[in-house]
Amino acid sequence: MPATLSSSDSNDRSPDLRSPLLSPTRKPTEERESEKLCIDDMLQKYCGQFGPWQMRHFVLTSLAWALEAFHTMVMIFADREPDWRCLEGAAGSGCDVTARTVCGLKPGSWEWTGGLGSSTVAEWGLVCEEKYKVGLAQALFFGGCMIGAGIFGHLSDSFLGRKGSLTVVCIMNTIFGCLTAFSPNYWIYVLLRLLTGFSTGGVGLCAFVLATEPVGPTKRGTAGMSTFYFFSTGIAILSGIAYIFPQWRELYIASSIPSLLFLLAVLPFVSESPRWYLVRGRITEAMKLMRAIAKSNNKHLPEGVVLALDEEANNDSPTTNEEDQTYKELLDSKDAISGSLIDVVKLPMTRMRLFLAVAINFLCSVVYYGLSLNVVNLETNLYINVLLNAVAEMPAFTITAILLDKYGRKPLAIGTLWFSGVFCFAGSFVGNAGAWKVVKMVCGILGIFGMAGTYNLLFIYTTELFPTVVRNAALGCATQAAQMGAILSPFVVVLGGGLPFAVFAVCGIAGGVFAFYLPETLNKPLYDTMAGMEDGEGACRSVN
């Protein structure tokens, strides 16, 4: 029988005796610390910045850019002035085969080479005093784009979401694009092009934001620059489609069907943006998507990690499981955080950024679309010219993407704008006869080479300048400005001679000057809220 323990022995040994008895009764839900992370930090630390999930999602979403190229650049072929010839037996009727235009020729003495259905110009006689109607139709298309960019930019930030907005615009593009092929007269054609422009204006900005928001901060710049490969590829493919379908009505159907295929075969496999879920207060869906990203990327997202908005994640104090659960329930019950352009204008920091982004996007668009449409003035093979312009854009994207994270957004924006401006300036002094045609074409190709890099860069740059709650609204406003430039570009092209190149040169150089006043966003986080951005940028300034 064991000896009786003394009181002092009992006190000394009591911890050893009680410890093993209490240990098994400790609950697995014992409070322990967890961490609150914003999406950028969670992608970097646990989910992967650009793994298989982001690659698949990026490619599927960016296919929409090819659709935008189809609906935008189809006007180059559908509204072209085709070749013409004198009718046999029309000698002495006033038809002059050496004439550069049909204006002044007697009706019935000549005919369009491809027939009346070869283009809208041939079918509705949009030549001579009616030529302005070609520029009007093109300008109204871009006018529709301007309106649509603003409206869908707001809708994609609000209840409709990025994916929902992209779905709606693709449905509208399919319907209006196909209906355009059955236009009975010019004015119905203009109306349908306006409506097509309205839906097309939302395609690029919705696809861009949806494709880049789930990408980590160090990979986002390269990914964002790569979206425009799809746009240029779409232009190159369109030149082949236009060659196969030379009749303008058939061409509109052929260029609209891909939007339907995208809706049925691609969009069901595209996910909504986790950032949109987060700012809308739908934390459960956001966390579910982040776990799916981590799993697909062969990563592991710990249970204790909590997704948070910028200002909440900036609070470094640790939380327990009980507090963490309370936080999740609170965030799930919170009203959605929203913003508008009014909020952007109220804050001095974002107001100046918006003004500069609008000005640069406007000037860039005048040059980019102007050079694209100006191929009709170069008197060379239209299909080859469009193809060469599209191919010339791709090296610009590659070079800009390589240099983007090395030199930053601001220096590249200035450099590409001035590069384009210099070659446009040179092109304004080159004639349009003989061998000089080739020189002028090269100036145009190099001009679009530089401006394509800028146009591409501006999307990622503008995206990084504004927080999630107003990102699409701000991008939509900048896109609206770009569409205003696009509206102006057909009328610049009509000037002919060296004047279009001179205007493009001034726009490129002026855009580079404005870019000097933008802040650098390289390696800066994508802020979620206005307060989070203001606090983050303020902290950066105080450190510097």
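All values derive from a computational prediction rather than experimental measurement.

> For the overall build of the protein, give the residues involved together with the corresponding values.
A count of helices and strands for the protein gives 22 helices and 4 strands. The buried share of the protein, reckoned over its 544 residues, is 54%. Restricting to contacts in the protein with at least 6 residues of sequence separation, those with at least 24 account for 83%.

> So what's going on with the environment of Glu68? Which residues, and what values?
With respect to the helices and strands, the residue Glu68 is situated in helix H3 (residues 52–78). Residue Glu68 is classed as buried on the basis of its relative accessible area, which comes to 8%. Between the C-alpha atom of Glu68 and that of Gly234, which follows or precedes it by 166 residues, the distance is 8.0 Å. In this view, Glu68 contacts Thr200, Val203, Gly204 and Phe231; residues no more than four positions away in its chain are not counted.

> So what's going on with the confidence of the model for the protein? Which residues, and what values?
Here the protein averages 82 in pLDDT, and 83% of its residues register 70 or above. The secondary structure element of the protein with the lowest average pLDDT is helix H1 (residues 7–22), at 46, and the one with the highest is helix H10 (residues 248–265), at 96. Counting contacts from residues 1–32, a segment whose pLDDT is below 50, to residues more than four positions away or on other chains yields 7 contacts.

> Quick one: what's the story with the packing of helix H8 (residues 203–212) against helix H19 (residues 436–465), residue by residue and with numbers?
Interhelical geometry of H8 versus H19 gives an angle of 65° and a closest axis separation of 11 Å. Our pair here, H8 against H19, has a crossing hand that is right-handed. Seen from H8, the contacting residues are Gly204, Leu205 and Phe208; seen from H19, they are Phe459, Ile460 and Thr463. Across the contact of H8 with H19, the residue classes tally to 4 nonpolar, 2 polar and no charged.

> Please give an account of the environment of Ile171 that cites residues and values.
Of note, Ile171 is situated in helix H6 (residues 161–180). Sequence separation of Ile171 and Leu260 is 89 residues, and the distance between their C-alpha atoms is 7.1 Å.

> Tell me about the packing of helix H16 (residues 348–373) against H19, residues and numbers included.
How two helices pack is summed up by the angle between their axes together with the distance between the axes. In contact at an axis separation of 9 Å, H16 and H19 are set at 150° when each is read in the N-to-C sense. With respect to each other, H16 and H19 are oriented roughly antiparallel. Between H16 and H19 the crossing geometry is left-handed. Between H16 and H19, the residues in contact are Arg353, Ala357, Ile360, Asn361, Cys364, Ser365, Val367, Tyr368, Tyr369, Leu371 and Ser372 and Gly444, Gly447, Ile448, Met451, Ala452, Thr454, Tyr455, Leu458, Thr462 and Leu465, respectively. The class makeup of the residues in the contact of H16 with H19 is 13 nonpolar, 7 polar and 1 charged.

> So what about the side chain of Ser62? Which residues, and what values?
Counting through the fold element by element, Ser62 comes out in helix H3. Of the polar contacts made by the side chain of Ser62, one reaches the backbone oxygen of Phe58; its length is 2.8 Å. With residues near it in sequence (within four places) discarded, Ser62 still touches Ala211, Thr227 and Phe230.

> Would you mind going over the packing of aromatic side chains in detail, with residue names and values included?
A full pass over the atoms with the stated rule returns 28 aromatic pairs. Taking the centre distance of 6.2 Å and the plane angle of 75° together, the rings of Phe58 and Phe230 count as edge-to-face. Of this pair, Phe58 sits in helix H3 while Phe230 sits in helix H9 (residues 217–244); the two residues are 172 residues apart in sequence, bridging distant segments of the chain. Residue Phe58 shares its accessibility class with Phe230, and that shared class is buried. An aromatic cluster is defined as three or more aromatic residues linked by ring pairs; in this entry it consists of Trp65, Phe141, Phe142, Phe228, Tyr229, Phe231, Tyr368, Tyr369 and Phe397. When the ring centre of Tyr186 is taken as reference, the NZ or CZ atom of Lys133 above it lies at 5.3 Å.

> Talk me through the pattern of salt bridges; I want residue IDs and the actual numbers.
Per the counting criterion, the structure on display carries 10 salt bridges. Measuring nitrogen to oxygen at the nearest pair gives 2.4 Å for the salt bridge that ties Asp40 to Arg275. Taken together, the residues Asp40 in helix H2 (residues 39–47) and Arg275 in helix H11 (residues 274–279) connect sequence positions 235 residues apart. Its salt-bridge partner being Arg162, residue Glu213 comes within 2.8 Å of it at the nearest N-O pair.

> Help me get a handle on H2, residues and values and all.
Residues of H2 that are buried include every one of Ile39, Asp40, Met42, Leu43, Tyr46 and Cys47, and no others. Residues of H2 that are buried sit in contact with strand S1 (35–37), H3, H9, H11, helix H12 (283–296) and strand S4 (305–307). Phi turns positive one or two residues past the end of H2, at Gly48, with a value near 100°.

> Quick one: what's the story with the nonpolar core, residue by residue and with numbers?
In this structure, Met42, Ile76, Leu166, Met290, Leu301, Leu307 and Tyr368 are the most contacted members of the largest nonpolar core, which totals 150 residues. Sequence-distant contacts of Ile76, that is, excluding residues within four places in its chain, are made with Ser372, Leu373, Val375, Leu382 and Val386.

> I'd like a description of the side chain of Ser158, backed by residues and values.
Tracing the backbone through its elements, the reader meets Ser158 in the loop between helix H5 (132–157) and H6. In this structure Ser158 comes out as buried when scored by relative accessible area, which is 14%. When near neighbours in sequence (up to four residues on either side) are disregarded, Ser158 contacts Trp276 and Arg280.

What counts, and where the lines are drawn
- Residues numbered from 1 in each chain as written.
- Predicted model: local features only at pLDDT ≥ 70, side-chain atom pairs only at ≥ 80, totals over all residues.
- Heavy atoms only, no water.
- Helix = DSSP H or I, 4+ residues; strand = E, 2+ residues; numbered from the N terminus.
- Buried < 20%, exposed > 50% of the residue type's maximum accessible area, 1.4 Å probe, protein only.
- Contact = heavy atoms within 4.5 Å.
- pLDDT = per-residue confidence, 0-100.
- Axes fitted to C-alpha atoms, helices over the stretch in contact; angles between N-to-C directions.
- Left-handed = near helix turned anticlockwise from the far one by under 90°.
- Nonpolar A, V, L, I, M, F, W, Y, C, P; charged D, E, K, R; others polar.
- Parallel < 35°, antiparallel > 145°, perpendicular 65-115°, else oblique.
- Polar contact = N/O pair within 3.5 Å; in protein donor to acceptor, adjacent residues only side chain to side chain.
- Phe/Tyr/Trp six-rings, centres within 6.5 Å; stacked < 30°, edge-to-face > 60°.
- Lys NZ or Arg CZ within 6 Å of the ring centre and 35° of its normal.
- Salt bridge = Lys/Arg side-chain N within 4 Å of Asp/Glu carboxyl O.
- Core = buried A, V, L, I, M, F, W, Y, C linked by side-chain atoms within 4.5 Å.

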